[in-house]
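Overview (structure and organization)
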Amino acid sequence: RDDCFELIGIPKEGKDMETLQVLYREAKRAREFGFTATEYERAKADYLSGLEKRYTNRDKRKNDEYGNAYRDHYLDNEPIPPLDMLYQTMQQIAPNIPIQIINQMVPELISATDSNLVVMEFAQEKEGKVYPTEQAMAAAIAAARAEKIEAYVDNVKNEPLVDVTTIKAGKITKETENKTFGYKELTLSNGATVILKKTDFKDDEVQMQAFAKGGKSLYGASDYTNLKVFDYAIGISGIGNFSNTELTKALAGKEANADLSLGNTRQYLTAHSTPKDIETMMQMSYLYFTAVKKDEKQFQNLMTQLEMGLKNKSLSPDAVFSDSIANTMYSHNPRFANPDVKDLKDINYDRILEIAKERFQNAGQFTFVICGNFDETTIRPLIEQYIASLPATKAKAEDFNEIMTLAKGEVVNQFKVKTESPKATARELWYADAPYTLENIVKIDAVGQILSMIYLKTIREDESAAYSCGASGYFNNSSRQPKAMLQAYCPMNPDKSELAVRLLHEGIANMSKAVDADQLAKVKEYMLKQIDVDAKKNSYWVNTITTFKEYGLDVYTDYKKTVEALTVENVRDFLNNIILKSGNHIEIIMTPEAK
């Protein structure tokens, strides 16, 4: 509720009361000493920055923002001030609210007695677990109240993210223009490529993605677990001279971020910012390429979270089903298996940092796609300063290794799980090697959407045999030969699971004989409308340009023409002659054990 002060903690196994004590201890610290001036300045800067982002994009707000505001007004009488009025008012009020006023409110929210205190615990129900009593909770609160505590010391690193004087800027050495997609392609002195597409879709947004071949495919069995937690481990690391916590403080009031990630056959840097914070985004990107900083404290916290999440996953039917999907789909290849608690011993933080250094040490192999509302005269010097200066070698561009081990032929995995609440789920996957063309992309998408309509009608609406169900079609490009994938997912009514599975089979069988003209017409109408919506998103153009640079494939120019060319005959023939003809069908069905 918005009329109470609430603290939430997620305890380690068996540490319920210690967690409660820590929560109350910090609440007590805030009540007795208040917040520090630097904490308040960061909170205020974040609030005003977020408000400015909303105001800048005020003419392009989404329907759900209005819907949520109307709901809260109706249910809780929340006011709905015009955004320009809110922005102008808070620009004047927020900077003039002193920290003393904030700290005077804290004792009103956090009492020193139990007069308005509620303590609740939501605990997993399992055999042998000891649950806390009311007396134990009261004792933990009493112990926290009896402690003598000191004021929090907010250590803030007062230095720039990057010492620009130590960076030798590179140059833009070549420039070409792509009129089809409306972008400029810059070649840099270190060999990197930068693509600039200026848009006005969102006044407050700039998106960047850098990519190069290689990814997880270049590493063997000894690194499987390291690869599975790579994104998490780098995400909690620091950069430059800043630990993760120090970095969070340094970014207060700025709308900018960057992250590294590994795909199966590519490595990526993804970043975003507002126009005014582009340099911060560039600086973070520079540091992720050159100076990821080990943060042992945050890594230990990550390991604790992973242990908590994985320790009891066998008690979750969803987790068991997810593991079964990965093992069945990829022929029990440990490379693609979901991590287990027993794998945590194989995680080596130093090795993860080494992998990051290896994957991002040669910026000359990367293409940077930047899309959004930037000023070209301002961004060009930043590109030379922070991208053209990145280290690069003249080594031949890397490729990826073939690692995909999708199960072939007809593969069925049916199993039962013991669970308190009966749960049944089915997953179907049909796939085939297919040329990666615009025509095939459109066809597999249309097949997925029509099949989804069939399943919703027959399984959910007609028979009430599923809580929800659907299908989708897409391409998987993590191998030399792209694969057209058609999948269906169906969380079933356990009492009607056999019926639901039969309808899953009948649905695609019937579609292979005849495609419903009305369903196809609805799908085509949706696809034609959706492309106009997507084409006004920066993320769409980042992905579209990336696809063009990676595969030489234009998925935009003739998209509508390709959709309009869909017929019941060519959609049916694609399903039969490409997808089903391959004979590759993987089925995973989970049903509850009888009690």
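Look a little higher up for the structure.
The present account deals with the structure reproduced in this document. Along every chain, residues carry numbers that run from 1 in the direction the sequence is written. Residues qualify for local features only when their pLDDT is at least 70, as the model is predicted, and side-chain atom pairs are given and counted only at 80 or more; totals for whole chains, interfaces and linings, by contrast, use all residues. Only hydrogens and water are set aside; all other atoms, that is, all heavy atoms of the structure, feed into the side-chain values.

**Points about the overall build of the chain**
Only DSSP runs of H or I with at least four residues qualify as helices, and only runs of E with at least two residues qualify as strands; both kinds are numbered from the N terminus onward. The number of helices and strands found in the chain is 20 helices and 14 strands. Throughout, radius of gyration means the C-alpha value; the globule benchmark is 2.2 Å times the number of residues raised to the power 0.38. The C-alpha radius of gyration of the chain comes to 27 Å, within 12% of the 25 Å expected for a compact globule of 595 residues. For the chain, the proportion of its 595 residues judged to be buried stands at 45%. The contacts of the chain with a sequence gap of at least 6 include a subset with a gap of at least 24, amounting to 82%. Working definition of accessibility: Shrake-Rupley area with a 1.4 Å probe, residue cover restricted to the visible protein chains. For the chain, the accessible surface area stands at approximately 31200 Å², while carbon and sulfur atoms represent 50% of it. Asp and Glu count as negative and Lys and Arg as positive, but His and the ends of the chain are not part of the count. Here the site of a charge means atom NZ of a Lys, CZ of an Arg, CG of an Asp or CD of a Glu. When the 74 positive and 86 negative side-chain charges of the chain are each reduced to one mean point, those points stand 4 Å apart. Whether a residue is buried, partly exposed or exposed follows from its accessible area with a 1.4 Å probe, protein chains only, as a fraction of its type maximum: under 20%, in between, or over 50%, in that order. A contact between two residues is defined here by any heavy atoms of the two lying within 4.5 Å.

**Considerations on the pairing of strand β3 (residues 193-198)**
Extensive coverage of β3 is indicated by the burial of five of its six residues. Note that strand β2 (residues 183-188) and β3 share four bridges and pair antiparallel. Bridging from a neighbouring strand, Lys184 pairs with Leu196 of β3. By this definition, two strands are paired if DSSP reports at least two bridges between them. Taking the residues that link successive antiparallel strands as the turn, the β2-β3 hairpin has four residues, and the phi of Gly191 there is positive, at about 95°. As defined by bridge partners, β3 adjoins strand β9 (residues 367-372) across six bridges and the pair is classed as parallel. What sits directly across from Lys197, in β9, is Cys371.

**Looking at the packing of aromatic side chains**
Stacked, tilted and edge-to-face are the three classes applied to pairs of Phe, Tyr and Trp rings, where Trp contributes its six-membered ring and a pair requires centres within 6.5 Å; stacked means planes under 30 degrees apart, edge-to-face means over 60, and tilted covers the rest. Going through the model one piece at a time under the given rule, you end up with 19 aromatic pairs. An angle of 25° between the planes, with centres 4.4 Å apart, marks the rings of Tyr330 and Phe336 as stacked. Each member of the pair, Tyr330 as well as Phe336, is classed as buried. Taken together through their ring pairs, the aromatic side chains of Phe181, Tyr183, Tyr540, Trp541, Phe548 and Tyr556 make up a single cluster.

**Re the sheet that holds strand β11 (residues 424-433)**
Pairing is mixed in the open sheet, where five strands are placed in the order β10-β14-β11-β13-β12. Looking at strand neighbours, the two that pair on one side only are β10 (410-417) and β12 (470-476), the edges of this open sheet. The mean inter-strand angle of the sheet, taken between neighbouring strand axes irrespective of direction, is 15°. The sheet contact formed by β10 and strand β14 (residues 584-592) spans eight bridges and is parallel. Simply put, an axis is a line fit to the C-alpha atoms, just over the touching stretch for a helix, and the angle between two N-to-C directions goes from 0 to 180 degrees.

**Quick word on the pattern of salt bridges**
By definition here, a salt bridge exists when the distance from a side-chain nitrogen of Lys or Arg to a carboxyl oxygen of Asp or Glu is within 4 Å. Scanning the entire structure with this criterion turns up 37 salt bridges. Here Lys249 ties to Asp154 by a salt bridge, and the two come within 2.8 Å at their closest N and O atoms. Of this pair, Lys249 sits in helix α9 (residues 244-250) while Asp154 sits in the loop between α6 (134-146) and β1 (172-178); the two residues are 95 residues apart in sequence, bridging distant segments of the chain. For Lys249, a relative accessible area of 14% gives the class buried. Ionic pairing is found between Glu376 and Lys184, a salt bridge with its closest N-O pair at 3.0 Å. Pair noted here: Glu376 is in helix α14 (residues 376-386) and Lys184 is in strand β2, with a separation of 192 residues, a long-range link. Overall, the relative accessible area of 22% leaves Glu376 in the partly exposed class. Classification of Lys184 as partly exposed rests on a relative accessible area of 26%. The structure contains a network of salt bridges with shared partners spanning Glu175, Lys184, Glu376 and Arg380.

**Describing the sheet that holds β3**
Backbone-to-backbone hydrogen bonds join strands into a sheet, with any given pair of strands oriented parallel or antiparallel. Taken together, seven strands build an open sheet; the order of strands is β1-β2-β3-β9-β4-β7-β6 and the sheet is mixed. At either margin of the open sheet sits one strand with a lone partner, and together these are β1 and β6 (256-262). On average, adjacent strands in this sheet sit at an angle of 15° to one another, irrespective of strand direction. The sheet strands contacting helix α10 (residues 278-290) are β4 (206-213), β6, β7 (266-273) and β9, and the helix crosses β6 at an angle near 30°. Lying on the sheet, α14 is in contact with β1, β2, β3 and β9; it crosses β2 at an angle near 25°.

**Examining helix α13 (residues 349-359)**
Restricting attention to buried positions, one finds in α13 the residues Tyr349, Ile352, Leu353, Ile355, Ala356 and Arg359. Looking down the long axis of α13, one finds its buried residues gathered within 155° of arc, a one-sided arrangement. Of the residues flanking the start of α13, the one acting as N-cap is Asn348, its side-chain oxygen 3.0 Å from the backbone nitrogen of Asp350. This arc corresponds to the set of directions leading from the helix axis out to the C-beta atoms. Contacts described as polar in this section are N or O atom pairs within 3.5 Å, which, within protein, must combine one atom able to donate a hydrogen with one able to accept it, while residues neighboring in sequence count only if both atoms come from side chains.

**What about unusual backbone geometry?**
Positive phi is not limited to glycine here, since Ser331 has a value of about 55°. Tracing the backbone shows Ser331 in the loop between α12 (317-329) and α13.

**Some remarks on the nonpolar core**
Nonpolar side chains in soluble globular proteins generally cluster together in the buried interior. Counting residues in hydrophobic clusters, the biggest one holds 62 residues, and the most contacted among them are Val194, Met208, Met282, Phe368, Ile370, Ile383 and Ile387. Setting aside residues no more than four positions away along its own chain, Met282 makes contact with Met208, Ile370, Ile379, Leu382, Ile383, Tyr386 and Ile387. As used in this record, nonpolar core signifies buried Ala, Val, Leu, Ile, Met, Phe, Trp, Tyr and Cys residues forming a set joined through side-chain atoms within 4.5 Å.

**Examining the packing of α10 against α14**
For any two helices packed against each other, one specifies the crossing angle of their axes together with the interaxial distance. The geometry of α10 relative to α14 is characterised by a closest axis approach of 10 Å and an angle of 15° between their N-to-C directions. In terms of orientation, α10 and α14 fall into the roughly parallel class. As α10 runs across α14, the sense of the crossing is right-handed. From α10, Ile278, Glu279, Met282, Gln283 and Tyr286 reach across to α14, where they touch Ile379, Leu382, Ile383 and Tyr386. Taken together, the residues of the contact of α10 with α14 break down into seven nonpolar, one polar and one charged. Just so you know how the angles are binned, under 35 degrees is roughly parallel, over 145 roughly antiparallel, 65 to 115 roughly perpendicular, and the rest oblique. Each helix crossing is assigned a hand: it is left-handed if the near helix lies turned anticlockwise from the far helix by less than a right angle, otherwise right-handed if that turn is clockwise. For this classification, Asp, Glu, Lys and Arg are treated as charged, while Ala, Val, Leu, Ile, Met, Phe, Trp, Tyr, Cys and Pro are nonpolar and the rest, including Gly, are polar.

**A word on the packing of helix α16 (residues 497-513) against helix α20 (residues 568-579)**
Where α16 meets α20, the closest approach of the two axes is 8 Å, and the angle between their N-to-C directions is 125°. Relative to α20, α16 is oriented oblique. Here Ile508, Met511, Ser512 and Lys513 of α16 come into contact with α20, specifically with Val571, Arg572, Leu575 and Asn576. The residue makeup of the contact of α16 with α20, split by class, is four nonpolar, two polar and two charged.

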